[in-house]
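Given next are the chains, with one letter for each unit.
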Amino acid sequence: MNPTALMIMLLSLAIGTTMTLLSHHWLLAWIGLEINTLAIIPLMTKTPHPRAIEAATKYFLTQASASALILFSATMNAWKTGEWSITILSDPYTITLSMALMMKLGLAPLHFWLPEVIQGIPLSTGLILSTWQKIAPMTLLLQISHLTDLKLLITMGLTSILIGGWGGINQTQLRKVMAFSSIGHLGWMVLILKFNPQLTLFNFLLYLTMTAAMFFSLMSISSTKISEISSSWPKSPILVTTMMLVLLSLAGLPPLTGFSPKLLIILELAKQNTLLLASVTMLASLLALFFYLRLTYVMILTLPPHIPPSSTHWRTTKNSPLTAAMTTLALLIFPLSPTFLLII
């Protein structure tokens, strides 16, 4: 892609998200979401492949439907209450707005577009879609968290955790695995949204860090299939080892970063006297743990035969400082969790 066009698209993404973050008016927030949607579509189709075109079309139709529902609900709410403010919502429109924002995020059962779209686009665009594009809708959800319906959030959250685990089990494509991982993590965030919005924000920030670290690592070794990462050890043993640890962090195993949000969410659910919900959530997360462990097994414990001892050119992988920084954060934030919670 032309560097000037790329810069314009990335700048538009930044402007769209910033506009939504700074707005207290539904119309301005909607405009920011639309700028975001339109800016990422050229990035999806920068490699003119039929799969990329299909992914961009699916993404556009889904996001346009969600945006139309947001605009309709906000307009009807303004007609009823006389207010365009994000934090003032009347009863029926709270549910429709919540559902539209969840559709933009890709929460189950409104998730069908996400794995297909991420599978059809390059890893770099998949990184933007899995991290940056989630910021604006999640911010709006956090702003209306005190008005949302608790039963809806619990149902969507549990469904997302189950679908995120089940969907990722039999995948061979790493981008689809990351898509179902994203659905599962967003389920944890939505589950606790009504009880403790600060904890949702904390979980979201750690999710962005861990997902970015995983995508940067996959981009470094140019792998999109499980069969490719199984033979990546000879190319870059250190990077593959850290990738394995990032996967275990995404799974939520102690003492890695991903353990802290899961621990704090279970403690909060126990504090709210919802022990059955906490138990079901933990059992559902075992599904996701299985496919993360499967990936780590393929990466580390199944070495390909005939590994040459020489350090030839094709075996050297250039690791960027950004990959190193994100990986470090994705692995070592757990001891700093209380400090981050105090800041948030």
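No experiment lies behind these values; they were computed from the predicted model shown.

Structural notes on the UniProt feature "transmembrane region" (unreviewed entry) in the protein
Link 1 in the chain: Cross-referencing UniProt, the feature "transmembrane region" (unreviewed entry) maps to residues 150–170, 201–218, 238–256, 276–301 and 322–343 in the present numbering.
Link 2 in the chain: Split by type, residues 238–256 is 74% helix and 0% strand. Its first and last C-alpha atoms lie 17 Å apart.
Link 3 in the chain: Summarising residues 322–343: 82% helix, 0% strand, and an end-to-end C-alpha distance of 24 Å.

Regarding the packing of helix α12 (residues 237–251) against helix α15 (residues 321–332)
Between two packed helices, the angle of one axis relative to the other and the distance separating the axes together describe the packing.
Link 1 in the chain: It is the contact of α12 with α15, at a shortest axis distance of 9 Å, that shows an interaxial angle of 40°. Comparing their axes, α15 and α12 come out oblique. Crossing of α12 over α15 shows left-handed handedness. In this structure, α12 contributes L239, T242, L245, V246 and S249 to the contact, and α15 contributes T323, T327, A330 and L331.
Link 2 in the chain: A breakdown of the residues in the contact of α12 with α15 according to their chemical character gives 5 nonpolar, 4 polar and no charged.

Brief notes about the domain arrangement of the protein
Note on interface size: it is often stated as the accessible area lost on association of the parts.
Link 1 in the chain: Per the domain assignment, the segments making up the protein are domain 1 (7–131) and domain 2 (149–305 + 318–343).
Link 2 in the chain: Taking the mean C-alpha position of each, domain 1 and domain 2 sit 23 Å from one another.
Link 3 in the chain: On the domain 2 side, the residues contacting the 24 residues of domain 1 number 27 residues.
Link 4 in the chain: Of all residues in domain 1, Q119, L123 and L127 give up the largest surface area on contact with domain 2, accounting jointly for 29% of the area buried on that side.
Link 5 in the chain: At the boundary of domain 1 with domain 2, the tally comes to 1 salt bridge.
Link 6 in the chain: Between E116 and K176 there is a salt bridge, and its shortest N-O distance comes to 3.4 Å.
Link 7 in the chain: Taken together, domain 1 and domain 2 are joined by 6 residue pairs in polar contact (both at pLDDT 80 or more).

Conventions and cut-offs
Residues numbered from 1 in each chain as written. Predicted model: local features only at pLDDT ≥ 70, side-chain atom pairs only at ≥ 80, totals over all residues. Heavy atoms only, no water. UniProt positions renumbered as here; feature names shortened; annotations may be inferred. Helix = DSSP H or I, 4+ residues; strand = E, 2+ residues; numbered from the N terminus. Axes fitted to C-alpha atoms, helices over the stretch in contact; angles between N-to-C directions. Parallel < 35°, antiparallel > 145°, perpendicular 65-115°, else oblique. Left-handed = near helix turned anticlockwise from the far one by under 90°. Contact = heavy atoms within 4.5 Å. Nonpolar A, V, L, I, M, F, W, Y, C, P; charged D, E, K, R; others polar. Domains from an automatic or database assignment. Buried area = accessible area lost by both parts, 1.4 Å probe. Salt bridge = Lys/Arg side-chain N within 4 Å of Asp/Glu carboxyl O. Polar contact = N/O pair within 3.5 Å; in protein donor to acceptor, adjacent residues only side chain to side chain.

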